[in-house]
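Chains, contacts and geometry: an overview
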Amino acid sequence: MAFYGVLSIYIAFFFSIATIIALFYKVKVNNYSLNPKLDFFRFLNLLSIGFIILSILILEFAFISNDFSIKYVANYSDSTMPLLYRMVALWGGQEGSLLFWLFLISIYNLVFLFKERKNSKIVDIIYIFINLIQLFFISVVVLKSNPFEIFPDFVPKEGAGMNPQLQTISMLLHPPLLYMGYTGFGITLAYSFATLVSGGLISDWSEKSRRWSISSWIFLTAGNVLGSIWAYTELGWGGFWAWDPVENSSFMPWITSTALIHSLSAYKKGGYFPKWSYFWILLTYILTIFGTYITRSGVIDSVHAFSRSSIGSYFLLFIFFITVFYLYFFIKNYKKVEKELKIQFLTSKEGMFFLSNTLFLVAFVVVLFGTVAPTVFKFSLSNGFFTKAFVPIAILILILMGLTPLARWKTPLKIEGKIIISTIVSLLVTTILFFVISIKSINTPITIFFVTQTVILTFSDFRRGFLKDKRKYGGYIVHIGVALFFIGALGSLYQKERQYKVKEGEKFSFNEYKFSFDKLTKKINKNHYEELIVEITLSKSGEKIGNLSPSKRYFFNLIGGISAEASLDVNLLRDVYIVVEGVDQESNIALLRVYINPFMVWLWISATITILSSLIFLMGRSNKSENFDKQRESHDKSILNTENQDNFDEIDAKIFENLKKYVDSLKNSEIKDIFSEKDKKIEDNFKENNSFSEKKDISTENRDDLIKFCASCGKPIDAEGKFCKYCGYKIR
């Protein structure tokens, strides 16, 4: 079986090289007359993808069938493990996780292959970039991380098994979601790289890759959240985030990808931050690879890291080449990249986007420094460093989240009634809570005030109706979800902890809660592990409020295979969290550690709101898009109903008349102002030219203009297209 797995990888390696050669040849000869479905490179690409999929299926079958002749299977599985955990053990170690990442790259490659069938040079450059990434991962698997390596002399009868702390539901999904996010940003980087190579505009890739960027951000968010849940429930320390280097390695690309999405949004709506967008996508993808280097090089110590390996140098080399080639084409075509528009007011919408970009950059630098400083500069930093340095930045970002939706383009923010009302309400809420809870940090009242204000201000902008503009308000709900996250994070400042040594039948108290150690139970789980369960009754004010069952698991086939399973009683105000630190079976004595964690559930509620609202934002369509579609339909009808199809002057006049009516009907003053500045240019252009085919595209002629819009409907145009995809207006 191992032979066929290795053979599949080598064949995929061969076809990947052949695909890249075929693509380079096609780009060089510039032959785009054939039907794209008949391109030879597509056939080669499908073969490489097919053999990658075959290789991972072979490895998966080896885990299911307990083929311990393969070293990787023997090291991360055993016959007593449940089938589900044997299947997901595939990504439990370094070799399998890299093969799984390669598998995801091939799947994304396949999706892009069928999604983007346009026969053009820029699309082929994207294919080249994606396949180069795929080829790199195949090379690493072939040269340094072969999961199909076999024992030369003997075959063990039993495997070593997987780390018991990894045998949880949250860890089943945590790594795949992170890898899906990492892979998706590779597609976005491919779009931007192809645009730089071809000398195109940012609009050529920003809108097309929007779904890739947002979906990748959602996967990355979900992966980080599940990692936090795993740390909270499995590591037994009562917290959810330890600022561990490996945790930070997945958090840093989340920060930069959040900045990327905001920069692309500012560009789409106002023409701002084109260069920032190029910077953010490069940095985001580099950080996904840098995180892989951290976890696999052995340069840092972490509960999440793999063993020390020379494979890290390959990833550093990969980062170097991507950065050099990307910057080379960025500098080469720098004059073709749109200029950064001047920001006149910091309190305008574009000004606040600029401030948020700056804060995201500072936040990234803080986390990066705290992560690498102990290794590079040989001194240690406590978690207090991150709290003191990162929290003020997060609070400033929270403030901007509340104010940005109220701001307008090119106009300073006005102190309106809703800002005054939200400030008064926030002060009242903060004052009340100031007397209810003991204040341990100045961050507490500040956070409470701005979380309250952000939620109020965001809800206040829902007056136009969620159903009419799902994309816009989906984004606003994301902000509400992030704001609520601060409530849960704030609760960690008020965590209470105590250790108890209790004998069966005894009772003990902690704060207002009473605990009764009812009995110690032993349970055998299908020859997989022995579990000692401490059964506890939780009560408050003489009334029972729940049962807790923390336990200690002893795995049979693992040397030192012990895990502590925490037990929680959860409500909206607090978590009662108990973990077993030790058990004396002879005397039935348990050593327990008890935590009272305020507001912890709000972390998971806010994460759920953020992810679901992000999906709404991803799939929703704005009311503006629907209006543009209606405008396009009316334009098409006017063209079809014209008696003389050759009379383009009459058609142009009708389109311009429709545009004027549409602009006049807009209630959004900012869009109206944008169009009013261009109306004169559009009208002059109509008068100067006799036919539409002779007209110049105003939007692309002057790159200093605020927005590159179609002259008819006002939507951003595709520089390579012949017709506007929204209204059908011919642009070439």
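Residues numbered from 1 in each chain as written. Predicted model: local features only at pLDDT ≥ 70, side-chain atom pairs only at ≥ 80, totals over all residues. Heavy atoms only, no water.

Quick look at the overall build of the protein now. Assigned secondary structure in the protein consists of 22 helices and 10 strands. Looking at the protein as shown, the accessible area adds up to about 32,700 Å², and 63% of this sits on carbon and sulfur atoms. (Helix = DSSP H or I, 4+ residues; strand = E, 2+ residues; numbered from the N terminus. Areas by Shrake-Rupley, 256 points an atom, 1.4 Å probe, with all protein chains shown as cover.)

As a further point, take the pairing of strand β3 (residues 513–525). Note: strand β2 (residues 507–510) against β3, four bridges, orientation antiparallel. Paired with Phe510 across the bridge in β3 is Tyr513. Hairpin remark: β2 followed by β3, antiparallel, with two residues in the connecting loop; positive phi at Asn511, about 55 degrees. The pairing of β3 with strand β4 (residues 529–540) spans 12 bridges and is classified as antiparallel. Residue Thr521 lies in a different strand from β4, and its bridge partner there is Ile533. (Pairing = 2+ DSSP bridges.)

This brings us to unusual backbone geometry. Trans is the common state for peptide bonds, and a negative phi is the common state for residues other than glycine. You will see that Ser541, though not glycine, has its phi angle at about 55 degrees, which is positive. Take Ser541: it is sitting in the loop between β4 and β5 (543–548). Even without being a glycine, Asn588 presents a positive backbone phi close to 55 degrees. Using a relative accessible area of 24% as the deciding quantity, one classes Asn588 as partly exposed. (Buried < 20%, exposed > 50% of the residue type's maximum accessible area, 1.4 Å probe, protein only.)

A word on the sheet that holds strand β10 (residues 589–598). Across the sheet, which stays open at both edges, the four strands sit in the order β1-β10-β9-β8 with antiparallel pairing between neighbours. In this open sheet, the two strands that pair with only one neighbour each are β1 (496–503) and β8 (567–570). Between one strand axis and the next, the sheet turns through 20 degrees on average, direction left out of account. One ladder, built from 10 bridges, connects strand β9 (residues 574–584) with β10; its direction is antiparallel. Within the sheet, the bridge partner assigned to Val580 lies in β10 and is Leu592. (Axes fitted to C-alpha atoms, helices over the stretch in contact; angles between N-to-C directions.)

Now for the packing of aromatic side chains. For the structure shown, the criterion picks out 57 aromatic pairs. Taken together, a centroid distance of 5.5 Å and an interplanar angle of 85 degrees make the contact between Phe136 and Phe315 edge-to-face. Linking Phe136 in helix α6 (residues 121–143) with Phe315 in helix α12 (residues 312–332), this pair joins segments that are 179 residues apart in sequence. Both residues of the pair, Phe136 and Phe315, belong to the buried class. An aromatic cluster of three or more residues is present, and its members are Trp91, Phe100, Trp101, Phe103, Phe136, Phe137, Tyr179, Tyr182, Phe315 and Phe318. (Phe/Tyr/Trp six-rings, centres within 6.5 Å; stacked < 30°, edge-to-face > 60°.)

Here helix α13 (residues 349–376) contains 28 residues, and its C-alpha end-to-end distance of 39 Å stays within 8% of the 40 Å for a straight helix at 1.5 Å per residue. The sharpest bend along α13 reaches about 30 degrees and sits at Gly370, with the proline Pro374 one to four residues further on. Lys378, located one to two residues past α13, shows a positive phi value of around 60 degrees. (Expected span 1.5 Å × (residues − 1). Bend = angle between axes of the 7 residues up to and from the residue.)

The buried fraction of β9 amounts to eight of the 11 residues, a majority that puts the element mostly inside the structure. Pairing geometry for β8 and β9, over four bridges, is antiparallel. Pairing of Ser567 across the sheet is with Ile578, part of β9. In this structure, the hairpin formed by β8 and β9 is closed by a connection of three residues. Taking the residues that link successive antiparallel strands as the turn, the β9-β10 hairpin has four residues, and the phi of Asn588 there is positive, at about 55 degrees.

Moving on to a nonpolar patch on the surface. Together, Leu317, Phe320, Phe321, Val324 and Phe325 give the surface a local cluster of nonpolar side chains, amounting to about 490 Å² of exposed area. With respect to the element layout, Phe325 can be found in helix α12. (Patch = residues over 30% accessible without salt bridge, like charges linked within 9 Å, V, L, I, M, F, W, Y side chains within 5 Å. Salt bridge = Lys/Arg side-chain N within 4 Å of Asp/Glu carboxyl O.)

This part covers the nonpolar core. Counting residues in hydrophobic clusters, the biggest one holds 151 residues, and the most contacted among them are Phe137 and Ile255. Examining the composition of this core, we find that 15 residues originate from one element, α6, more than from any other. Excluding anything up to four places from it in sequence, Phe137 contacts Leu98, Trp101, Leu102, Ile105, Ile289 and Phe315. (Core = buried A, V, L, I, M, F, W, Y, C linked by side-chain atoms within 4.5 Å. Contact = heavy atoms within 4.5 Å.)

To continue, consider the pattern of salt bridges. Here the structure, examined in full by the defined rule, presents nine salt bridges. A salt bridge links Lys522 to Glu530, with the shortest nitrogen-to-oxygen separation between them at 4.0 Å. The salt bridge involving Glu565 is made with Arg553; its shortest N-O contact spans 4.0 Å. With Glu565 in strand β7 (residues 562–565) and Arg553 in strand β6 (residues 551–555), the pair connects residues that are 12 residues apart, well separated along the chain.

Let us now look at the side chain of Glu247. Mapped onto the fold, Glu247 is located in helix α10 (residues 245–270). A residue is classified by how much of its surface remains accessible, and Glu247, at 9% relative accessible area, is buried. At 3.1 Å, the side chain of Glu247 forms a polar contact with the backbone nitrogen of Trp243. (Polar contact = N/O pair within 3.5 Å; in protein donor to acceptor, adjacent residues only side chain to side chain.)

Along the polypeptide, Ile596 turns up in strand β10. The exposure class assigned to Ile596 is buried, which follows from its relative accessible area of 7%. Between the C-alpha atoms of Ile596 and Ser492, which are 104 residues apart in sequence, the distance is 9.6 Å. Residues within four places of Ile596 in sequence aside, it is in contact with Tyr494, Gln495, Lys496, Phe510, Tyr513, Asp575 and Val576.

Our focus in this paragraph is the confidence of the model for the protein. Mean pLDDT over the protein stands at 81; residues scoring 70 or higher make up 79%. The model gives residues 623–652 a pLDDT under 50, and that stretch makes 46 contacts with residues more than four places away or in other chains. (pLDDT = per-residue confidence, 0-100.)

Moving on, we get to the packing of α13 against helix α14 (residues 383–403). Packing of α13 against α14 brings their axes to within 10 Å, and their N-to-C directions diverge by 165 degrees. In terms of axis orientation, α13 runs roughly antiparallel to α14. Relative to α14, the crossing made by α13 is left-handed. In this structure, α13 contributes Met352, Leu355, Ser356, Leu359, Phe360, Val362, Ala363, Val366, Val367, Phe369, Gly370 and Thr371 to the contact, and α14 contributes Phe385, Phe386, Ala389, Phe390, Ile393, Leu396, Ile397, Leu400 and Leu403. The residue inventory of the contact of α13 with α14, partitioned by class, reads 18 nonpolar, three polar and no charged. (Parallel < 35°, antiparallel > 145°, perpendicular 65-115°, else oblique. Left-handed = near helix turned anticlockwise from the far one by under 90°. Nonpolar A, V, L, I, M, F, W, Y, C, P; charged D, E, K, R; others polar.)

Attention now moves to the environment of Met252. In this fold, Met252 is placed in helix α10. Counting along the chain gives 39 residues from Met252 to Gly291, while the straight-line C-alpha distance between them is 8.8 Å. Those residues in contact with Met252 that sit more than four places away from it in its chain are Leu287, Phe290, Phe364, Val367 and Leu368.

Attention now goes to the environment of Pro164. With respect to the helices and strands, Pro164 occurs in the loop between α6 and α7 (169–198). Residues Pro164 and Arg553 lie 389 residues apart in sequence; the distance between their C-alpha atoms is 8.6 Å.

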